[in-house]
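Here is what each chain is made of, one letter per residue.
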Amino acid sequence: MALQDVCGLHNPPLFPQWTAPLSRSFMPEDSTHLSGGGIHGEAFSTRLPGRGGLSPLEFYMPIAEYLTESPINFGQTSLSSALTKLLEIDHLYPSLPSISLPPPTPCPISPSVPLPFTLSHGTTTLGFAFQGGVIAAADTRSSCSGLVACPASPKVLPIHSHLVGTTSGTSADCALWKRILSRELRLYQLRHRRRLSTGGAAKLLSHMLHPFKGTELCVAATLCGWDGDEEKHDVASTPQHANAPTNQMTAIIYVCSDGLRLQGELFSVGSGSPYAYSILDSSVYWGMSVQEATAVAREAVYRATYRDAYSGNNVDLYHVTAKGWRRRERENLKEEYYREKERERKRRVIAY
Amino acid sequence: MMMSAQAYGDKGKMKEYHYTGPVEHKFSPYAFNGGTVLAVAGEDFALVASDTRLSEGYSIHSRDSPKCYKLTDTTVIGCSGFHGDCLTLTKIIEARLKMYKHSNNKNMTSGAIAAMLSTILYGRRFFPYYVYNIIGGLDEEGRGAVYSFDPVGSYQRDTYKAGGSASAMLQPLLDNQIGFKNMENVEQVPLSLEKAVQLVKDVFISAAERDVYTGDALKICIITKEGVREEIVPLRKD
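Residues numbered from 1 in each chain as written. Chains lettered and ligands numbered in written order. Predicted model: local features only at pLDDT ≥ 70, side-chain atom pairs only at ≥ 80, totals over all residues. Heavy atoms only, no water.

## Some points on the overall build of chain A
- When helices and strands are tallied, chain A shows 10 helices and 12 strands.
- For chain A, buried positions account for 43% of its 352 residues.
- Summarising the internal contacts of chain A: among those between residues at least 6 apart in sequence, 70% fall at separations of at least 24.
- Carbon and sulfur atoms form 58% of the exposed surface of chain A, whose accessible area is close to 18500 Å². (Helix = DSSP H or I, 4+ residues; strand = E, 2+ residues; numbered from the N terminus. Buried < 20%, exposed > 50% of the residue type's maximum accessible area, 1.4 Å probe, protein only. Contact = heavy atoms within 4.5 Å. Areas by Shrake-Rupley, 256 points an atom, 1.4 Å probe, with all protein chains shown as cover.)

## Overview of unusual backbone geometry
Residue and element names in this part refer to chain B.
- In the Ramachandran plot, Asn105 falls in the positive-phi region, its phi being about 60° despite a non-glycine side chain.
- Relative to the helices and strands, Asn105 resides in the loop between helix 1 (83–104) and helix 2 (110–122).
- A residue is classified by how much of its surface remains accessible, and Asn105, at 68% relative accessible area, is exposed.
- Within the chain, Asp216 stands out as a residue other than glycine whose phi angle is a positive 70°.
- As for its placement among the helices and strands, Asp216 is situated in the loop between helix 4 (193–210) and strand 11 (217–224).

## Quick word on the pattern of salt bridges
- Tallied over the full model, the rule gives 22 salt bridges over all chains.
- Among the salt bridges present, the one from B:Arg157 reaches B:Asp139, with a minimum N-O distance of 3.2 Å. Separated by 18 residues along the polypeptide, B:Arg157 in strand 9 (residues 155–158) and B:Asp139 in the loop between strand 7 (131–138) and strand 8 (144–149) bring together distant segments of the chain.
- Via salt bridges that share partners, A:Asp173, A:Glu216 and B:Arg125 belong to a single interconnected network. (Salt bridge = Lys/Arg side-chain N within 4 Å of Asp/Glu carboxyl O.)

## Comments concerning the environment of B:Glu43
All names here are of chain B.
- Relative to the helices and strands, Glu43 resides in the loop between strand 1 (36–41) and strand 2 (46–51).
- Residue classification places Glu43 among the exposed positions, given a relative accessible area of 54%.
- Considering only alpha carbons, one finds Glu43 and Gly142, 99 residues apart in sequence, at a separation of 8.2 Å.
- Ignoring any residue separated from it by four or fewer positions in sequence, one finds Glu43 in contact with Gly142, Arg143 and Gly144.

## Section: helix 2 of chain B
All names here are of chain B.
- An ideal rise of 1.5 Å per residue puts 18 Å on 13 residues; helix 2 measures up with 18 Å between its terminal C-alpha atoms.
- The element helix 2 is extensively covered by neighbouring structure, given that 10 of its 13 residues are classed as buried.
- All of the buried residues in helix 2 are Ser110, Ile113, Ala114, Ala115, Met116, Leu117, Ser118, Ile120, Leu121 and Tyr122. (Expected span 1.5 Å × (residues − 1).)

## Side note on the sheet that holds strand 12 (residues 324–332) of chain A
Residues and elements named next belong to chain A.
- One open sheet accounts for 5 strands, arranged 10-1-2-11-12; its pairing is antiparallel. Because the sheet does not close on itself, it has two edges, and the strands there are strand 10 (266–270) and strand 12. Between one strand axis and the next, the sheet turns by 10° as a mean value, whatever way the strands run.
- With 6 bridges joining them, strand 1 (residues 124–130) and strand 2 (residues 133–139) adopt antiparallel strand pairing. The partner of Ala129 across the bridge, within strand 2, is Val134.
- The strands touched by helix 8 (residues 273–283) within the sheet are strand 1 and strand 10, with strand 10 carrying the most contacts at an inclination of about 160°. (Pairing = 2+ DSSP bridges. Axes fitted to C-alpha atoms, helices over the stretch in contact; angles between N-to-C directions.)

## Brief notes about the sheet that holds strand 11 of chain B
Residues and elements named next belong to chain B.
- Spatially, the 5 strands line up as an open sheet ordered 10-1-2-11-12, and their pairing is antiparallel. Two strands in the sheet have a free side with no partner beyond their single neighbour: strand 10 (160–164) and strand 12 (227–234). Ignoring strand direction, the axes of neighbouring strands in this sheet form an average angle of 15°.
- Pairing of strand 11 with strand 12, which is carried by 8 bridges, proceeds in the antiparallel orientation. Paired with Ile222 across the bridge in strand 12 is Arg229.
- In this fold helix 3 (residues 167–177) packs onto strand 1 and strand 10, with an angle of close to 170° to the strand it touches most, strand 10.
- Seen against the sheet, helix 4 touches strand 1, strand 2, strand 11 and strand 12 and runs at an angle of roughly 160° to strand 11.

Here it is as C-alpha cells:
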C-alpha cells in the first residue's frame with residue numbers, strides 16, 4: 001500500500017538474496033552492505049549498468065543513499081536482514097554493532113533540496129574533568145537566525161546513567177542522534193552484559209555519523225562519562241591524588257559530524273566557546289573541589305552568555321561521578337546580571 | 001499553483017518588486033500557505049487554536065481551512081506551513097495511530113505521539129516536511145501538555161507555544177501573560193480555562209491586525225477530560 005510505503009513499515013521479502021544477482025549472495029565477508037534493509041539492496045541491484053533489459057535511455061543514476069534511507073533506521077536490522085545476519089554475520093563478527101554503510105557509490109549527483117527555513121544553531125557548551133568527576137554545562141538558548149526559537153531548550157542530554165552528552169549544532173540533529181546513540185548503547189549493554197565505555201560510545205557515534213559527512217547534518221557533541229564499575233570507585237578526593245589524573249575513570253571526548261573525534265580533559269563548543277575557554281583555562285585545575293568546579297563552570301557559561309548574542313537564558317549543569325550523573329537545578333542567568341550590576345554599583349559607591 | 005521560491009523572501013513574504021537583473025527560477029517543491037497555530041497547557045486542560053485562512057503569495061485560497069486536527073480524545077495537533085505537507089503528515093500520523101491501536105489495543109498518549117512525530121519528521125531530514133507542528137493534549141496524569149516541533153523533528157514539552165506566520169508576534173505576548181516573564185511584583189496565578197480562552201481570542205485578534213496571513217476565523221479546540229470541544233470565532237477578513 002502506498003501509505004505503508006511512506007510510513008516505512010512494509011514487510012520485505014524474507015530472503016532477498018534469492019532474487020538478487022548471484023555475485024552479491026556469495027560475499028559473506030562483505031556483509032556490511034547487506035544490512036540496512038533488503039528493499040534498498042534490491043533497488044540498488046536492479047539498477048546495475050550492463051543489465052540485459054535496460055534500454056539506452058535508462059542510464060544509471062547513483063542516488064545518494066542518505067536521501068532515500070531514513071537516518072532513524074540506522075543500525076537497525078529489518079525483518080529480512082535479521083535472518084540473513086543470523087546466518088552469515090554473527091558467527092564471524094559477534095561483537096560488531098550492526099552498522100549500515102552505504103555501498104561504495106560515486107559522489108551523489110542529486111543536490112539536496114534548498115530549504116525555505118533555517119534550523120536552530122548557536123550555543124555555549126562545555127565539559128571538563130577534575131578529581132571529583134566530570135562537569136558538563138551548557139546554556140539553554142536555541143536560536144533560529146535572529147529569533148530565539150526556544151529560551152529553555154535542554155542542551156545537555158543524559159544518554160545513560162553514567163554518560164552525559166552536550167549538544168551543539170542543529171538541535172534536531174543532536175536530539176535525534178542522541179536518541180539513536182542511547183538506543184545503540186542500550187542494545188550493546190543487553191547483548192554484551194556490560195556498558196560500553198565513553199571512548200567506545202564516541203567511536204560508535206562518529207562511525208554512525210560518517211555516512212552523512214558532506215551533508216548539512218551538523219552535530220558537535222562532547223560525551224562526558226564515567227567508565228568502570230561502581231564498586232571500584234575508591235578514588236580519594238584528597239590532595240595527594242591531585243596529580244594523578246590517570247587513576248580516574250573519567251573520559252571526555254568531542255565528536256563532530258565532520259568526523260573529528262578528540263579525547264581531552266577540557267572542551268568548550270559553540271559560538272560562545274572562546275569566552276568560556278578564557279574562564280576555564282585560567283581557573284580549572286585537577287585538584288579543585290566540587291563546589292569550585294560547579295562555580296567555575298557556571299561562571300564560564302555566564303561570561304559566554306554575557307558576550308555572545310546566540311547564548312543566553314539559563315545554565316544547565318550536570319555532574320558525573322562513579323554513582324552516575326546528578327543534575328543541578330537550572331539557574332536563570334537574569335538574576336545574575338542584576339546581582340552583578342548591584343555589585344558594580346556598590347563598588348562605584350565605595351570608590352568615590 | 002506553486003510559484004517559485006525565488007519570488008519569496010523568507011517566511012513566504014514577497015520580495016521587493018524591482019528589476020535586479022536576470023534571475024534564474026528553479027522549481028521549488030515548497031510553498032508557504034500561511035496560518036498561525038497556538039497551544040496552551042493548563043492544570044487539567046489544553047487549548048489548541050488556529051486561524052482558518054489558507055493563503056499563497058497575494059491570494060487567499062480559502063477562508064475555511066482550519067489547521068487543528070483532532071488525533072485522539074486527548075490530543076489535537078496544529079500544523080502550519082506548507083499545506084500539502086500538512087495534509088500528508090496528518091494522514092501519516094493518523095495511519096500510525098491506527099496501527100498502534102490495532103497492535104497494542106490502546107490509544108497513543110500525547111507524549112508517545114510527540115516522540116513518534118519527531119522520528120517521522122527526522123526520517124525526512126534531507127527533504128523535510130515544511131510544517132511547524134504543535135501538539136496539545138493531556139498527559140497520562142490528566143495535566144495539560146504542549147509539545148512544539150521544528151520542521152526536522154526537534155521537540156520539547158512547553159506550557160505554551162505559538163507557531164506559524166505570526167508566531168514572532170504572539171510568542172512574546174504569551175511569555176508575558178502566561179509565563180509572567182520579566183514582570184516584577186506580580187502574583188503568579190495559574191491560568192483558568194475561561195481566562196485562557198479569552199486570552200487566546202484577544203491574542204489572535206491582535207495577530208490578525210498585523211499579520212496578513214492570519215485572519216478570517218479562529219478555531220479553538222479545548223481538550224479536557226470530557227473530550228475535545230470546538231469553538232469558532234470570526235476574525236478580520238481583510
